[in-house]
Amino acid sequence: MAADMTKDAAWAAAALLEESPAPLSGWYGNPMNAETADQLLSRARLQQQERLCAGAASFQLQLLETLCRDCLGSGPDNGFAALAALTARRHERALLLLVRGQRLASRKAHGAMTYLTAGFREAAPVLESSDYFALVRQHELLEYLPWSDKPSMELALDELLTEAAVIKQLCSGRPVTRVCLHQDTVG
């Protein structure tokens, strides 16, 4: 199963290598092992040099580099804050916020929902309806997770959603105080 998670994480992250905009509905926060992160980091750096020499955009490659450094544990922020200054388009801002939130969510760290909510708000106007509602359902379920100042072991999205679904089920019948973050469609 760990090999499948690494494969899924690498597949999603590899979308950032493409020149076309990476899907905003993708989940880029799954854990990657060091070997996979190193390989993607090398590819991102090489392609970034090529694109810079050609005068082409390289934001997604910079985001992939930051994502890989985060997976390798190279510091508390790993460059997400610095990368925010480089976002020029709505898609870039949304993608950065969503990826940052996903990485925090994978460790159930405080701040995850703040980034996911901000990323969703930025992405909402450009999402296809199926992607829009998939993210709404995903984020609403993730709200049930217990967030902590002390990050836990990284989990893949399916593991996070399973845990959140169990917590939601255990809370059924009890009043749960939740903030509706998607008032444009559900409130």
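Rules behind the numbers
- Numbering of residues begins from 1 in every chain and follows the order in which that chain's sequence is written.
- Only residues with pLDDT of at least 70 are given local features in this predicted model, and only at 80 or more are side-chain atom pairs given and counted; all residues enter the totals for whole chains, interfaces and linings.
- Note that the side-chain values use all heavy atoms of the structure and ignore hydrogens as well as water.
- Runs of E in the DSSP output that reach at least two residues are strands. Runs of H or I that reach at least four are helices, and both are numbered from the N terminus.
- A 1.4 Å probe rolled over the protein chains alone gives each residue an accessible area, and that area as a share of the maximum for its type sets the label: buried under 20%, exposed over 50%, partly exposed in between.
- We call two residues in contact whenever any of their non-hydrogen atoms come within 4.5 Å of each other.
- For the area figures, the Shrake-Rupley method with a 1.4 Å probe applies, and any residue is considered shielded solely by the protein chains shown.
- Each residue after the first adds 1.5 Å to the expected span of a helix.
- Here a salt bridge means any side-chain nitrogen of Lys or Arg lying within 4 Å of a carboxyl oxygen belonging to Asp or Glu.
- Summary of the metric used: pLDDT quantifies the predictor's per-residue confidence within the range 0 to 100.
- Aromatic contacts are taken between Phe, Tyr and Trp rings whose centres are within 6.5 Å, Trp giving its six-membered ring; a plane angle under 30 degrees counts as stacked, one over 60 as edge-to-face, and the others as tilted.
- By definition here, charges over rings are those cases where NZ of Lys or CZ of Arg is within 6 Å of the ring centre and within 35 degrees of the ring normal.
- Axis definition: a line fitted to C-alpha atoms, over the contacting stretch in the case of helices. Angles run 0 to 180 degrees between N-to-C directions.
- In this scheme, roughly parallel covers angles under 35 degrees and roughly antiparallel covers those over 145, while 65 to 115 is roughly perpendicular and the rest are oblique.
- Crossings are classed by handedness, with left-handed meaning an anticlockwise turn of the near helix from the far one by less than a right angle and right-handed meaning a clockwise turn.
- The nonpolar class holds Ala, Val, Leu, Ile, Met, Phe, Trp, Tyr, Cys and Pro. Asp, Glu, Lys and Arg form the charged class, and all remaining residues, Gly among them, are polar.

Along the backbone of the chain there are nine helices and zero strands. Shown N-terminal to C-terminal, the secondary structure of the chain runs as helices and strands in the order α-α-α-α-α-α-α-α-α. Buried positions account for 45% of the 187 residues belonging to the chain. For the chain, restricting intrachain contacts to residue pairs at least 6 apart in sequence, the fraction spanning at least 24 positions comes to 63%. Surface summary for the chain: the accessible area is close to 9800 Å², and the carbon and sulfur share equals 55%.

The subject of this paragraph is helix H5 (residues 90–106). Residues spaced three or four apart along an α-helix face the same direction, because each turn holds 3.6 residues. Here H5 is 17 residues long and its end C-alpha atoms lie 24 Å apart, about the 24 Å a rise of 1.5 Å per residue gives. Among the 17 residues that make up H5, 14 are buried, leaving the element largely enclosed by the rest of the structure. Lys108 sits one or two residues past H5 and shows a positive phi near 50°.

Enumeration over the complete set of coordinates arrives at ten salt bridges. Close ionic contact of Glu154 with Arg107 constitutes a salt bridge, the shortest N to O distance being 3.4 Å. You can see Glu154 sitting in the loop between helix H7 (129–142) and helix H8 (157–171) and its partner Arg107 sitting in the loop between H5 and helix H6 (112–123), a full 47 residues away along the chain. A relative accessible area of 15% means that Arg107 is categorised as buried. One continuous salt-bridge network, built from bridges that share partners, spans Asp70, Arg103, Arg107 and Glu154.

Take the confidence of the model for the chain next. In the predicted model, the chain carries a mean pLDDT of 86, and 84% of its residues have values of at least 70. Note on residues 1–6: pLDDT under 50 across the span, and eight contacts to partners over four residues away in sequence or across chains.

So, on to the packing of aromatic side chains. Per the stated rule, a full pass over the model turns up two aromatic pairs. Plain terms: the ring middles of Phe120 and Tyr132 are 5.0 Å apart, the flat faces sit at 55° to each other, and that makes the pair tilted. Of this pair, Phe120 sits in helix H6 while Tyr132 is found in helix H7, placing the two residues twelve residues apart along the sequence. For Phe120, a relative accessible area of 3% translates into the label buried. Taking relative accessible area as the criterion, Tyr132 reaches 7% and is therefore assigned buried. Ring centres 5.1 Å apart and planes at 80° place the aromatic pair Tyr132 and Phe133 in the edge-to-face group. Phe133 gets classed as partly exposed once you look at its relative accessible area, which sits at 39%. Between the NZ or CZ atom of Arg100 and the centre of the ring of Tyr115, over which it lies, the distance is 5.9 Å.

At a minimum axis distance of 9 Å, the contact between helix H2 (residues 34–54) and helix H3 (residues 59–71) shows a crossing angle of 155°. Overall, the two elements H2 and H3 adopt an arrangement that is roughly antiparallel. Between H2 and H3 the crossing geometry is left-handed. From H2, Ala37, Leu40, Leu41, Ala44, Arg45, Gln47, Gln48 and Arg51 reach across to H3, where they touch Leu61, Gln62, Leu64, Glu65, Cys68 and Cys71.

Turning to the packing of H3 against H5, a few remarks are in order. Any two packed helices are characterised by how steeply their axes cross, that is the angle between the axes, and by the distance between the axes. The geometry of H3 relative to H5 is characterised by a closest axis approach of 11 Å and an angle of 10° between their N-to-C directions. Looking at the two axes, H3 sits roughly parallel to H5. Within the contact between the two elements, H3 uses Phe59, Gln60, Leu63, Leu67, Asp70 and Cys71 and H5 uses His91, Glu92, Leu95, Leu96, Val99, Arg100 and Arg103. Partitioned by chemical class, the residues of the contact of H3 with H5 number seven nonpolar, two polar and four charged.

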